[in-house]
Each structure stands twice: as structure tokens, then as C-alpha cells.
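Here are the chains, one letter per residue:
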Amino acid sequence: MPTPPKPAEHVERALCVLAHPDDVDFGSAGTVATWTEAGTEVTYCIVTDGDAGGFDETPRERMGPLRRAEQEAAAAAVGVRDVRFLGYPDGRLELTLDLRRDITRVIRQVRPQRVLTSSPERFYERIGASHPDHMTVGESTLRAVYPDARNPFAFPELLADEGLEAWTVSEVWLGAGPRPDHAVDVTDVVELKFAALKSHVSQVAHRDDLEEFVGGWMRQTASRFGLPHGRMAEAFHVVHTA
Ligand SMILES: [Zn+2]
């Protein structure tokens, strides 16, 4: 099998599209920290407010605003200041044209060279990674990248009413999927990732094994990709979309 082409060394702008507050932090905040340190401007687009998450008696109507605030703090911990929420209901995402249009709008606004999202493929070895909302957001984002965002005749109201020109994304990084082919060594920024994760107090406050658990996971990923012993990595399936 030919080796896949490598992702770009550096991009100006990256957009991360995820279903729930905290999704980006578990799987990708270390990678995001390496990007912002290298000067890439990163935007988060979070599709739901995560109002079906949590583990305690927090009233449901308070969960959405709480989780938005937690995601903004987590973003700041890895150098991301632009966080956008689409406000869809948690746990009930469907593959709709409305969702495709809303993601297309953000792609055309941000004009990223790189998009990071969840894999649309079910990962049978780790069923929790394949939350239906994650797969729906991954598939919707890929459909928005190709063909909607680049086609001026797709969702023509975006151009006519909002002046949003077509935009072609060059590469899409799929997280938490069954076929990762690219690992990012995040050992040197791992404290930033842990700080981001701990910002999600409503989700992780009851876990004192968080660093051990997520760290163990990242060590396994590093060794699977042949990185030196003790290193930590996050892995992705990089799809070239230019
Ligand atoms: Zn999630």
C-alpha cells in the first residue's frame, strides 16, 4: 500500500468541529496546543451544548450554559479564543441539510486550510468513541467540506444573504476512528491538555484518575506509532480534500 501523503507542516487557520463540549479536549487538545504554539489560529465549533451530559444533580436547564463556559475555559487553556456554538440538542443529532448548512457557514466564515472532526465511522473496538452524535458531526462536516463549502451553488443563500464566498478546505483530520494513520507527539504540551480537560468540571470532577487514564491511552497510541518509550500521542486519520 502506498504511504499516504503527509499533512501540511503548518497552516494559518484550523477549525475543529465536534458534537459536545469536551470532545475536542479528550482526543485532540494536545494537538491543538501544538498548532496554537506554532502560530495557527484555531476556532472551535461545538454543535450541541452537551445538555444531556454530567453525573450529578445539576438542573438540566443549567447544564447547557455551564458547559459552554467550561468549553471556553478549556479552549483558552490551549490558546483558542474563538469558540462558536451551534446550539443543537445533545443526543438527538441527525444528518440534516440544516446541520450541513450551519457547518458550511462556519467553514466559509473561518476559511480554514485544516478541519478537525470526529470520525464518521463506527469504531467497534471502543464503542464509546462512536457516540451517534460524533459520527453524525463527522459525516456532516465531511459533506460540508466536500462539496458544500467549495460549491458557490450549494446553499446559495449563504452567498446571497451573508456574502460568504466558497472555500476549499485542504485536509480533514478525523479523530477517534478505526483507521488512524498520523500521530502527533503531545508530550511537551500535555500539561496544557490536562488543564483543558479539568476545565470541564461538570464532567470530570469526580475522576481523580483522569491524568492516569488519559495519559495511559496517549502512551499506548505513541507506542503503536513507534514513538520512543514514555512519549504520549494523539492519532488521526488525515484525509486530503483539496
Ligand atoms: Zn461527545
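Our structure is the block above this text.
Worth saying up front: this structure is predicted, and the values here are computed from it rather than measured.

Re the packing of helix H3 (residues 97–110) against helix H4 (residues 132–149)
- Two numbers describe how H3 lies on H4: the axes approach to 9 Å, and their chain directions differ by 60 degrees. Taken together, the axes of H3 and H4 lie oblique to each other. Handedness of the crossing formed by H3 with H4: right-handed. Only Thr136, Ser140, Thr141, Arg143, Ala144, Val145, Asp148 and Ala149 of H4 make contact with H3, whose side of the interface consists of Leu99, Arg100, Ile103, Thr104, Ile107 and Arg108.

Observations concerning the coordination of the zinc ion
- The zinc ion binds to the protein through His20 (ND1), Asp23 (OD) and His134 (NE2), with metal-donor distances spanning 2.0 to 2.1 Å.
- In this structure Asp23 comes out as buried when scored by relative accessible area, which is 14%.
- Accessibility expressed as a relative area gives 13% for His134, which makes it buried.

Here's the deal with the pattern of salt bridges
- Taken as a whole, this structure holds 17 salt bridges when the rule is applied.
- Arg68 is the salt-bridge partner of Asp49, the closest N and O atoms lying 2.9 Å from each other. Remark: Arg68 occurs in helix H2 (residues 60–77) and Asp49 occurs in the loop between strand E2 (41–48) and H2; sequence separation between them is 19 residues.
- Residue classification places Asp49 among the buried residues on the basis of a relative accessible area of 14%.
- A salt bridge links Arg143 to Glu139; its shortest N-O distance comes to 2.9 Å. Residue Arg143 and its partner Glu139 are located together in helix H4, separated by four residues, close to a single helical turn.
- We classify Glu139 as partly exposed; its relative accessible area is 24%.

Calculation rules
- Residues numbered from 1 in each chain as written.
- Predicted model: local features only at pLDDT ≥ 70, side-chain atom pairs only at ≥ 80, totals over all residues.
- Heavy atoms only, no water.
- Axes fitted to C-alpha atoms, helices over the stretch in contact; angles between N-to-C directions.
- Helix = DSSP H or I, 4+ residues; strand = E, 2+ residues; numbered from the N terminus.
- Parallel < 35°, antiparallel > 145°, perpendicular 65-115°, else oblique.
- Left-handed = near helix turned anticlockwise from the far one by under 90°.
- Contact = heavy atoms within 4.5 Å.
- Donors = N, O, S within 2.8 Å, 3.2 Å for Na, K, Ca; no water.
- Buried < 20%, exposed > 50% of the residue type's maximum accessible area, 1.4 Å probe, protein only.
- Salt bridge = Lys/Arg side-chain N within 4 Å of Asp/Glu carboxyl O.

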